[in-house]
Amino acid sequence: DPVSEDGVAGFGAAPMAFRPDGSALAFGYPGEVQVHDMTKRRTAGARLARQPPPPLPDEDEDIDNLPTSLKGALTGITTSLTYSRDGSLLIAGDSNGVTQMWDLSTSATRRTLTSVRSRSPIRSISFDAHAGALVTTDATATATLWQVAPTGAPAPLAEVTVPRERAEVTAFRPDGRSLVVAGSSGTAHTWTVADPARPVRGAGLTLHSGPVRAVAI
């Protein structure tokens with residue numbers, strides 16, 4: 001059943017991502033990400049239907065039910081969100097080119113991990129749990145693959161370029177061996193990334209004449 005049928009006033013189509021086990025919903029706001037406990041669905045749904053919650057709860061509202069606010073290095077509008085497949089990492093990108101990671105491996109641990117900065121606003125983020133690789137696209141024709149480590153900054157592995165269009169959205173195949181990058185002219189480009197540091201270009205598929213806004217495998 002739906003927990004909310006309303007948008008978030010003033011923010012348009014803000015990014016959101018469910019934790020893979022469905023226990024939490026991350027919602028992007030300017031300068032922060034809020035993680036809602038979806039095991040308490042009525043409270044979470046009501047809160048998602050309005051602007052960011054006030055700093056103090058209502059008298060009849062349990063303060064323990066308030067969402068967790070995560071900020072890190074985010075300063076712009078949150079543009080993309082994703083969880084790792086085991087739900088232990090949450091990764092967000094913003095309009096200032098910042099990609100920020102948090103360790104959410106336990107409910108009692110919410111560690112702000114390192115951030116990286118791209119040349120322009122982040123448009124999409126995808127995470128491959130098998131190889132520990134992350135791919136980001138910004139407002140250029142390039143998608144960047146990063147190696148994600150438990151500690152330390154993500155290390156750039158490789159860049160793939162979408163010819164004659166802007167890289168919009170990305171997705172890894174579930175086994176992590178292939179990557180799709182869809183562009184602003186409606187074409188999906190594929191790479192073999194069995195070794196993420198050495199992507200091999202594959203076939204392209206024209207989907208339609210307009211920009212691709214979402215892709216899933």
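Cut-off values and rules
- Residue indices follow the written sequence of each chain, beginning from 1 at its first position.
- Thresholds applied to this predicted model are a pLDDT of at least 70 for local features of residues and 80 or more for the giving and counting of side-chain atom pairs; totals over whole chains, interfaces and linings are not thresholded and use all residues.
- Calculation of side-chain values draws on the structure's entire complement of heavy atoms; hydrogens and water are dropped beforehand.
- Think of it in three bands: with a 1.4 Å probe and only protein chains considered, a residue is buried below 20% of the maximum accessible area for its type, exposed above 50%, and partly exposed in between.
- Labels follow the DSSP assignment, with helices taken as runs of H or I lasting at least four residues and strands as runs of E lasting at least two, numbered in each case from the N terminus.
- At least two bridges found by DSSP between two strands are what make those strands a pair.
- Two rings from Phe, Tyr or Trp (for Trp, the six-membered ring) form a pair when their centres are within 6.5 Å of each other. A pair whose planes differ by under 30 degrees is stacked, one over 60 is edge-to-face, and the rest are tilted.
- The axes used here are C-alpha line fits, helices contributing only the stretch in contact, and every angle between their N-to-C directions lies in the interval 0 to 180 degrees.
- Confidence of the predictor at the level of single residues is given by pLDDT, which spans 0 to 100.
- Whether two residues are in contact is decided by their heavy atoms, any of which lying within 4.5 Å being enough.
- Each reported salt bridge corresponds to a side-chain nitrogen of Lys or Arg within 4 Å of a carboxyl oxygen of Asp or Glu.
- Here the nonpolar core consists of buried residues drawn from Ala, Val, Leu, Ile, Met, Phe, Trp, Tyr and Cys, with membership extended through side-chain atoms lying within 4.5 Å.

Caption draft 1: Structural detail: the pairing of strand β13 (residues 167-172). Among the 6 residues of β13, 6 are classified as buried, and the element is accordingly described as predominantly covered. Bridge count between β13 and strand β14 (residues 178-183): 5 bridges; the pairing is antiparallel. What sits directly across from Ala 171, in β14, is Val 180. Connecting β13 to the antiparallel partner β14 that follows it, the hairpin turn spans 5 residues, and Gly 176 within it adopts a positive phi of roughly 75°.

Caption draft 2: Spatial organisation of the packing of aromatic side chains. Evaluated as defined, the whole model comprises 1 aromatic pair. On the numbers, 5.5 Å between centres and 40° between planes, the contact of Phe 27 with Tyr 29 is tilted. With relative accessibility at 5%, the residue Phe 27 sits in the buried group. In this structure Tyr 29 comes out as buried when scored by relative accessible area, which is 2%.

Caption draft 3: The sheet that holds strand β1 (residues 16-18), seen in detail. Read from one edge of the open sheet, 4 strands run β1-β2-β3-β4, paired in antiparallel fashion. Single-partner strands in this sheet number two, and they are β1 and β4 (68-70). Strand-to-strand twist across the sheet, computed as the mean angle between neighbouring axes with direction ignored, equals 20°. Pairing of strand β2 (residues 24-29) with strand β3 (residues 32-37) involves 6 bridges; the strand directions are antiparallel. Looking at the pairing, Ala 26 lines up with Val 35 of β3.

Caption draft 4: Quick peek at the confidence of the model for the protein. Scored by pLDDT, the protein comes out at a mean of 77, with 76% of its residues at no less than 70. Considering only residues more than four positions removed or in separate chains, one finds that residues 1-12, a stretch of pLDDT under 50, has 20 contacts. In this model, residues 56-63 is a region of pLDDT below 50 whose contacts with residues beyond four sequence positions or in other chains number 5 contacts.

Caption draft 5: How the structure looks around the pattern of salt bridges. In the structure shown here, the tally under the stated rule is 4 salt bridges. In this structure, Arg 123 engages Glu 168 in a salt bridge whose closest nitrogen and oxygen atoms are separated by 3.0 Å. With Arg 123 in strand β9 (residues 122-128) and Glu 168 in strand β13, this residue pair connects regions lying 45 residues apart in the sequence. The partner of Arg 198 in a salt bridge is Asp 195, with the nearest N and O atoms 2.8 Å apart. Residue Arg 198 is classed as exposed on the basis of its relative accessible area, which comes to 60%. The network of salt bridges with common partners includes Arg 123, Arg 166 and Glu 168.

Caption draft 6: The arrangement of the sheet that holds strand β12 (residues 155-161) in detail. Taken together, 4 strands build an open sheet; the order of strands is β9-β10-β11-β12 and the sheet is antiparallel. At either margin of the open sheet sits one strand with a lone partner, and together these are β9 and β12. On average, adjacent strands in this sheet sit at an angle of 20° to one another, irrespective of strand direction. Bridge count between strand β11 (residues 142-147) and β12: 6 bridges; the pairing is antiparallel. Looking across to β12, one finds that Ala 143 is bridged to Val 160.

Caption draft 7: Quick peek at the nonpolar core. Ranked by internal contacts, the top residues of the largest apolar core, which has 14 residues, are Val 33, Tyr 83, Leu 90 and Trp 102. Mapped by element, the contributors of at least two residues to this core are β2, β3, β5 (78-83), β6 (89-94) and β7 (98-106). A total of 3 residues in this core trace back to one element, the largest contributor, which is β7. Ala 133, Val 135, Val 162 and Val 193 belong to the second-largest nonpolar core, a separate cluster that totals 13 residues.

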